[in-house]
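Chain and residue survey
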Amino acid sequence: MEENGFVVEVDGLVKRYREVAAVDGLSFRVKKGEFYGLLGPNGAGKTTTIRTLYGYVPPTAGKVTVFGIDVTADRRAVAARTGVCPQDNNLDPDLSTLQNLVVYARYYDIPRREAERRAAELLHFIALDGRGGEKVTKLSGGMQRRLILARALINEPELLILDEPTTGLDPQSRHQLWDRLRALRARGLTMILTTHYMDEAERLCDRLLI
């Protein structure tokens, strides 16, 4: 994080796919400990924007800085301190609930014993105690979304990016996930949320970019 207190700084971001401008001149800043929302309809460029934050999508123009690091210059340094909760369910169906967390932890070179400890704590946090041995295909949609959230937290990130985390969930499952996100906000974790639900943005976010 830079001395000015901002975890994320986006200045004049442009992303083009041939002749199509998915993002055109976007600028915003996210403070440490803030829950920041990107609100807009499908196709507005929200996912493209956040993918530039962790280096998955290189910008066509503009500058993206996270933790004071130019993402295009050192993507790995940013990724090591960031957790990402994608909108798609990309859990491994061949692994158990616990194994999905422990195996993912290896991408961050977390020792197995420490990974198992963190995984057990996270399963408790997302209210999946006792479900660690089950295949993820046995979990409901809401449970799987909570597991994806837990996986994004396995490296104890300083920044959590959430891309439409409640899309497709029933109201009860949405509220359960909201409760976990509020708990993370209370801990002071910096979070960025993309959503097209106005009520979700209103309930969770400190500031919004529309």
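Throughout what follows, the structure given in this document is the object of discussion. Computed from a prediction, not measured in an experiment: that's the story for all the values here. (Residues numbered from 1 in each chain as written. Predicted model: local features only at pLDDT ≥ 70, side-chain atom pairs only at ≥ 80, totals over all residues. Heavy atoms only, no water.)

Turning our attention to the pairing of strand β1 (residues 6-17). Two elements, β1 and strand β2 (residues 20-31), share nine bridges in a ladder whose sense is antiparallel. Each residue of the ladder has a partner; that of R16, found in β2, is A21. In this antiparallel pair of consecutive strands, β1 and β2, the connection spans two residues, and R18 shows a positive phi of 60°. With five bridges connecting them, β1 and strand β4 (residues 61-66) associate as antiparallel partners. Each bridged residue has a counterpart across the sheet, and for V10 the counterpart in β4 is V64. (Pairing = 2+ DSSP bridges. Helix = DSSP H or I, 4+ residues; strand = E, 2+ residues; numbered from the N terminus.)

This part is about the sheet that holds β1. Backbone-to-backbone hydrogen bonds join strands into a sheet, with any given pair of strands oriented parallel or antiparallel. Taken in spatial order, the four strands line up as β2-β1-β4-β5 in an open sheet, and their pairing is antiparallel. Single-partner strands in this sheet number two, and they are β2 and β5 (69-70). Against the sheet, helix α1 (residues 46-53) engages β1, β2 and β4, with an angle of about 125° to β1. (Contact = heavy atoms within 4.5 Å. Axes fitted to C-alpha atoms, helices over the stretch in contact; angles between N-to-C directions.)

The next subject is the pattern of salt bridges. A side chain of one charge can pair with a side chain of the opposite charge when the charged atoms of the two come close. Under the counting rule described, the total for this entry stands at 13 salt bridges. R81 serves as the salt-bridge partner of E158, at 2.8 Å between the closest nitrogen and oxygen. Placement of the pair is E158 in the loop between α5 (141-152) and β7 (159-163) and R81 in the loop between α2 (75-79) and β6 (82-85), with a sequence separation of 77 residues. On the basis of relative accessible area, E158 is assigned to the partly exposed category, the value being 40%. E114 serves as the salt-bridge partner of R117, at 2.5 Å between the closest nitrogen and oxygen. Here the residue R117 and the residue E114 both occupy positions in helix α4 (residues 112-125), the gap between them amounting to three residues, near one helical turn. Taking the relative accessible area as the measure of exposure, R117 reaches 34% and is therefore partly exposed. In this structure, a network of salt bridges that share partners links the residues E114, R117, R118, E121 and E156. (Salt bridge = Lys/Arg side-chain N within 4 Å of Asp/Glu carboxyl O. Buried < 20%, exposed > 50% of the residue type's maximum accessible area, 1.4 Å probe, protein only.)

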